Amino acid sequence: MSMNTLHDVYHDQLQDIWSANTQSLEIITELGRAAKNKHLSEALIAGANGVSDGIEKVAEICAKHDIKPTGEHCKGMEGLVKEAKAHVLEADFGDDDVRDAMIITQYQRMVHYALAGYGCLVAFANRIGEDGDAAILQECLDNTYDGDRTMTDIATGEVNAKAA
């Protein structure tokens, strides 16, 4: 795809966030199963549901613009997923609370990637006059921020103290 206009960048980044979300969905589910803290496990399940919802919304926006959401492979999220597998699922932990702290770390790294992606997409959609898209993407961004804040609350309110 040739990048000649902000529309081109917007379409490319829609595909990128779809790819990122699709790649992260499975690992978030696995992290949820690995978590021992009940609140953390529940938050990860909610996070996976939110990612799934975002995948559907971005696919609908792509369809509206006659682009395939599968047109891009997000190498950034690919790396973050590999890191989460290596640092959580393939690592040895002598303490469940320490594992839970690492789960939060890896999850938040993936979430922050999504925050950047959604934030850019909202800005692009607003600039090119796609107000309907912008509203949908803003909802995804807000939901992602909520998930990030929930993880921070779980980390600072219970997991990190137990892990220490």
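Our structure is the block above this text.
Residues numbered from 1 in each chain as written. Predicted model: local features only at pLDDT ≥ 70, side-chain atom pairs only at ≥ 80, totals over all residues. Heavy atoms only, no water.

Asker: What am I meant to see in the layout of surface pockets here?
Answerer: The probe, sized like a water molecule, is rolled over the atoms to show the empty space still left. In this structure, the largest pocket encloses a volume near 340 Å³. If you trace the largest pocket, you find 22 residues lining it, with G47, G50, Y107, N143 and T144 closest to the centre. Of all the secondary-structure elements, those providing two or more residues to the lining of the largest pocket are helix 1 (6-34), helix 2 (38-64), helix 4 (96-127) and helix 5 (131-163). Of the residues in the lining of the largest pocket, the class split is twelve nonpolar, nine polar and one charged. (1 Å grid on protein atoms, 1.4 Å probe; cavity = no way out; pocket = protein on both sides within 12 Å on 5 of 7 lines; lining within 4 Å. Points joined across faces, edges and corners; volume = space filled by probe spheres on them. Helix = DSSP H or I, 4+ residues; strand = E, 2+ residues; numbered from the N terminus. Nonpolar A, V, L, I, M, F, W, Y, C, P; charged D, E, K, R; others polar.)

Asker: Just to check I follow, could you spell out the packing of helix 2 against helix 5 for this structure?
Answerer: Helix packing geometry: the angle between the two helix axes and the distance between the axes. Between helix 2 and helix 5, whose axes approach to 10 Å, the crossing angle comes to 165 degrees. It follows that helix 2 is roughly antiparallel to helix 5 by the angle criterion. Crossing of helix 2 over helix 5 shows left-handed handedness. In contact with H39, L40, A43, L44, G54, K57, V58, I61 and K64 of helix 2, helix 5 contributes D133, I136, L137, E139, C140, T150, M151, I154 and E158. Among the residues forming the contact of helix 2 with helix 5, the class breakdown is ten nonpolar, three polar and five charged. (Axes fitted to C-alpha atoms, helices over the stretch in contact; angles between N-to-C directions. Parallel < 35°, antiparallel > 145°, perpendicular 65-115°, else oblique. Left-handed = near helix turned anticlockwise from the far one by under 90°. Contact = heavy atoms within 4.5 Å.)

Asker: Please clarify how helix 2 should be interpreted in this entry.
Answerer: Quick reminder: α-helices carry 3.6 residues per turn. Residues three or four places apart thus point the same way. Over its 27 residues, helix 2 extends 39 Å from the first C-alpha to the last, a length consistent with the 39 Å expected when each residue adds 1.5 Å. Its side-chain oxygen 2.9 Å from the backbone nitrogen of H39, N37 forms the N-cap of helix 2. Among the residues trailing helix 2, D66 stands out with phi positive, at a value near 55 degrees. (Expected span 1.5 Å × (residues − 1). Polar contact = N/O pair within 3.5 Å; in protein donor to acceptor, adjacent residues only side chain to side chain.)

Asker: What's the story with the pattern of salt bridges in this structure? I'm lost.
Answerer: Pairing between side chains of opposite charge can happen when their charged atoms approach one another. In this structure the tally under the stated criterion is eight salt bridges. A salt bridge links K38 to E42; the shortest N-O distance between them is 3.8 Å. Taken together, the residues span about one helical turn, with K38 and E42 both in helix 2 at a distance of four residues. Residue classification places E42 among the partly exposed positions, given a relative accessible area of 41%. Where K82 meets E78, a salt bridge forms, and the shortest distance between an N and an O atom there is 3.5 Å. Of the two residues, K82 and E78 are both situated in helix 3 (residues 75-89); the distance of four residues between them amounts to about one turn of the helix. (Salt bridge = Lys/Arg side-chain N within 4 Å of Asp/Glu carboxyl O. Buried < 20%, exposed > 50% of the residue type's maximum accessible area, 1.4 Å probe, protein only.)

Asker: Just checking my understanding: could you explain the nonpolar core for this structure?
Answerer: Note on soluble globular proteins: their nonpolar side chains tend to be buried together. Ranked by size, the top nonpolar core spans 47 residues in total, and within it L14, L44, M110 and L137 carry the most contacts. Those elements that place two or more of their residues in this core are helix 1, helix 2, helix 3, helix 4 and helix 5. Here this core gets twelve residues from one element, more than from any other, and that element is helix 4. Once residues within four sequence positions are removed from consideration, M110 is found in contact with S24, I27, I28, L31, M77, L80, V81 and A84. (Core = buried A, V, L, I, M, F, W, Y, C linked by side-chain atoms within 4.5 Å.)

Asker: Before we go on, may I ask you to explain the packing of helix 2 against helix 4 in this structure?
Answerer: Two elements in contact, helix 2 and helix 4, have axes whose closest approach is 12 Å; the angle formed by their N-to-C orientations is 20 degrees. When the interaxial angle is binned, helix 2 and helix 4 end up roughly parallel. As for how helix 2 packs across helix 4, the hand of that crossing is left-handed. For the pair helix 2 and helix 4, contact is made by L40, L44, G47, G54 and V58 and by D100, I103, I104, Y107 and Y118, respectively.

Keep in mind these numbers describe shape, not what the thing actually does.
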